[in-house]
Structures are given as structure tokens and as C-alpha cells.
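Architecture and fold: a report
Next come the chains, spelled out residue by residue.
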Amino acid sequence: MPHRLAAALAAAGLVTAIAATPASAAPDRHGDKTLGRLAADTHRYFGSATDNPEFSDTAYLGILGSEFNSTTAGNALKWYATEPQQGVFDFTQGDQVLDFARRHHMSFRAHTLVWHNQLPDWLNNGTFTADELRAILKKHITTVAGYYKGKVYSWDVVNEAFNEDGTYRDTIFYRTLGPGYIADALRWAHQADPHAKLYLNDYNIEAIGPKSDAYYNLVKSLKAQHVPIDGVGFQGHLALQYGYPETLQQNLRRFADLGLDVAVTELDIRMYLPADATKLATQADWYARVTKACLAVRRCVGITVWDYTDKYSWIPAVFQGEGAALPYDENLQPKPAYAAIRDALRSAGGH
């Protein structure tokens, strides 16, 4: 296991998530190791996001807790959930996901401290001076990251900070505080939890282009200023109709060459419905290619699918007529994508 990953997980009390077999892990239907076990053989994680309403689904939880060695709370740690009223914090939902992760010896990616979406009404509708908003942001980060100090592997500190053309996204934080809010957020998160890996995270940065270039230049600037940053998360919300991001591996490597960890943090590969054998075969190939791209870059520490089953995918509600984006279908049965991921991990691990 790379020392940096082992040290971070050990500090969080979660080193067994990657270094050893999850206690609950069981061989899959093919008599093979689970995705989490196979990823651990390559010193990486393979995880799934989850959300609190799904915790009533015991069949779903059985697969989540045995197949994967990492999880991310899809919504439980976003601002609307953790600080629904100004200065009033609620960690009930986050604790539920964290407790599940700990019981199943999974590492825990914490998502997200600063994002322009899913903010509480008091923040969205408030009128704050720069000094007031800076104090609000600092208190939020310090309180939330401090509450989970030593309990999480990493934080997505700032989420989706750039537009497609590489300009800064016009958010309440950028408008009021300027671009320096990103460095401040990273510094405050590090002060609150010195052992957590700190990430910037975004979508449509998988390929080399204006948006990923903006992150590349920002990271170089942050590192030159000695701002604490450990990694960049490439969300990986892909769609068959837009083509595969051919420069993904090259892009992961150039960020890794800056001295960062990289990860695919929210992977799903959607298609126009209905699904058919041809589309599912293409999807499976893409899942394998993403997995192999991560495996080819030493500092790519893992992959997370944005929930593992179409039963709980966010895609159909947001992209009309699209779906079937995940490795398991709506009946919790593995699709061709599952086998493709497993084979890619197994080949890399020498099994």
C-alpha cells in the first residue's frame, strides 16, 4: 500500500478498509473476489455512494456492505443537511452513513463542504457582507470537518468551482469573497482535520480541456502558495452519446505529476433508454476503460460509482429519457459493466 494512503487511513482508524479484507465481504456470484477485495489487491478502493433513504432496503445494504470497500454520503454531509439553520448543526444523517461504513470496514469519503447547490434557505436567501460570509464559511467548515476529525479518509472541500470554459462559477462564495475562498476553505479544513485528504471535485474534467486546465492551473497556484491540497476528484458522470473521454488517463497523470492523489469520485455512464445489448456492451467497455485508466496511474487511489444500482440512480430524474447508468440494474442484479470492472481489477491484481 502506498505510504500516503496507509497513513491517512490509519489516522482515520480505517486502514483495514484497503489493507485487509472487509469482515463482511463474501465471494460474488462468480466465485470470485468482490470489487472491493480486488481493488484492495491493487492498493486502491472501489466504492459506492449511498443515501439515507436507502437504509431501509436490506437487500441493497447487503451488497453495499460486502461488495465495496469505500463509500461516500451522497447528500448527508451537504450544507442543507449539516447546518439547516444558521449556527444549528445536525450530523444525524452523516453519522448514519459513517456508522455503516465503520461496521463494514469501509473507508469514508466525505462530500462536500463548499458547493453552490443544496444550500439551506437561510444562506441562499440571506444578504451578507464579505466579512459576514467569510465568518459563516469558516464556522461551517471548522464545525463540520472538526466534528468528523479522524473519522473520514477524505473531504471534497470545494465542489464544482468552475464553468465549462474554465472561468470561475458565479456562486455566492465567488461573488462575495472572490477566488480566494477556495484557498481559505482548504486551509480551514486542514486546521479542523489535519489527517483528512483534501480534494477539489468537479464534473466534465475527465478529458483535457478548458475546465480541467483551469483546475490544473489552480492547483499549481495553490501548491505554490503552500495551501494544503491533497487531491482532485474527477466525478465521471459520462454519457454514451457524448463519447468516451480519450485523454482521461493522460489527464489523471498530469495532475498526479503535480504531487497529488487523483480519484474518480462519482462514476456513472448513462444512455438513452431503453437499454439494449449493444448499449450495455459499450457501457461495460467504458467502465473497464475508466478502471484501467485509474490503475495505470500510480496516484489514482480509487473509484467510486455514484451509487451502484439503477434502482437509486439520480440520472432519470435529471436527464429525461436517460438512465441505466450503473453496474447493477434496478433489481440489484449485476450488468455487463460489473463483470467488466471486475475483470479489469482482477487482471491488474494478478488474479
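For the structure, see preceding data.
Attention here is on the structure that accompanies the text. Remember, predicted model here, so these are calculated numbers, not experimental data. (Residues numbered from 1 in each chain as written. Predicted model: local features only at pLDDT ≥ 70, side-chain atom pairs only at ≥ 80, totals over all residues. Heavy atoms only, no water.)

Our focus in this paragraph is helix α8 (residues 130-147). Taking 1.5 Å per residue as the helical rise, α8 with its 18 residues ought to reach 26 Å, and the 25 Å between its terminal C-alpha atoms agrees with that figure. When we look at burial in α8, the residues that qualify are Leu133, Ile136, Leu137, His140, Ile141, Val144 and Ala145. Within α8, the buried residues cover an arc of 130 degrees as seen down the axis, which keeps them to one side. The inward-facing, buried residues of α8 contact α5 (79-82), β3 (107-114), α7 (121-124), β4 (154-159), α9 (172-177) and α10 (181-192). (Helix = DSSP H or I, 4+ residues; strand = E, 2+ residues; numbered from the N terminus. Expected span 1.5 Å × (residues − 1). Buried < 20%, exposed > 50% of the residue type's maximum accessible area, 1.4 Å probe, protein only. Arc of directions from axis to C-beta. Contact = heavy atoms within 4.5 Å.)

Taken as a whole and assessed by the stated rule, the structure comprises 23 aromatic pairs. Where tyrosine 308 meets tyrosine 328, the ring centres are 4.9 Å apart and the plane angle is 75 degrees; that geometry is what we call edge-to-face. In this pair, tyrosine 308 is assigned in the loop between β9 (300-305) and α14 (315-318) and tyrosine 328 in the loop between β10 (322-323) and α15 (336-349), connecting sequence segments 20 residues apart. Residue classification places tyrosine 308 among the buried positions, given a relative accessible area of 0%. (Phe/Tyr/Trp six-rings, centres within 6.5 Å; stacked < 30°, edge-to-face > 60°.)

So, on to unusual backbone geometry. Cis geometry is adopted by the peptide bond preceding threonine 112, which originates at histidine 111 and carries an omega value of 0 degrees. Its place among the elements puts threonine 112 in strand β3. Phi angles above zero are rare outside glycine, and histidine 226 is one such case at about 60 degrees. Relative to the assigned elements, histidine 226 resides in the loop between α11 (210-224) and β6 (231-234). Relative accessible area serves as the criterion here: at 71%, histidine 226 is assigned to the exposed category. Positioned with a positive phi, aspartate 307 is a non-glycine residue whose angle comes to about 75 degrees. Positionally, aspartate 307 belongs in the loop between β9 and α14. Judged by its relative accessible area of 4%, aspartate 307 falls in the buried class.

A few words on the packing of α8 against α10. When two helices pack together, their arrangement is given by the angle between the helix axes and the distance between those axes. Contact geometry for α8 and α10: axes closest at 8 Å, N-to-C directions at 35 degrees. As for the relative orientation of α8 and α10, their crossing is right-handed in sense. In contact with Arg134, Leu137, Lys138, Ile141, Thr142, Ala145 and Gly146 of α8, α10 contributes Tyr181, Asp184, Ala185, Trp188, Ala189 and Ala192. Per-class residue counts for the contact of α8 with α10 are eight nonpolar, two polar and three charged. (Axes fitted to C-alpha atoms, helices over the stretch in contact; angles between N-to-C directions. Left-handed = near helix turned anticlockwise from the far one by under 90°. Nonpolar A, V, L, I, M, F, W, Y, C, P; charged D, E, K, R; others polar.)

Burial within β4 is extensive, with six of its six residues counted as buried. As paired elements, β4 and strand β5 (residues 197-202) share five bridges and run parallel to each other. Counted as the bridge partner of aspartate 156 is tyrosine 199 from β5. (Pairing = 2+ DSSP bridges.)

Counting residues in hydrophobic clusters, the biggest one holds 100 residues, and the most contacted among them are Trp155, Phe173 and Leu200. Among the elements that make up this core, the one with the highest residue count is α10 (eight residues). Among residues more than four places away in sequence, those in contact with phenylalanine 173 are Trp79, Val114, Trp115, Leu119, Leu123, Leu133, Leu137, Gly178 and Tyr181. Counting residues in each nonpolar core, the second largest holds five residues, with Tyr45, Tyr153, Ala263 and Val301 among its members. (Core = buried A, V, L, I, M, F, W, Y, C linked by side-chain atoms within 4.5 Å.)

The end-to-end C-alpha distance of helix α13 (residues 277-295), which contains 19 residues, comes to 27 Å, matching closely the 27 Å that a straight helix rising 1.5 Å per residue would cover. Taken together, the buried positions of α13 are occupied by Leu280, Gln283, Ala284, Trp286, Tyr287, Ala288, Val290, Thr291, Ala293, Cys294 and Leu295. Against β1 (45-50), β7 (237-239), α12 (248-256), β8 (261-272), β9 and α15 lie the buried residues of α13. Looking at where α13 begins, the residue whose side-chain oxygen comes 3.1 Å from the main-chain nitrogen of threonine 278 is aspartate 276. (Polar contact = N/O pair within 3.5 Å; in protein donor to acceptor, adjacent residues only side chain to side chain.)

Take the state of the cysteines next. Scanning the entire structure with this criterion turns up one disulfide. Sulfur-sulfur distance for the disulfide between cysteine 294 and cysteine 300 comes to 2.1 Å. Note on the cysteine 294 and cysteine 300 pair: the S-S dihedral is about -105 degrees, so by sign convention the disulfide is left-handed. Assigned by exposure class, cysteine 294 and cysteine 300 land together as buried. (Disulfide = S-S within 2.5 Å.)

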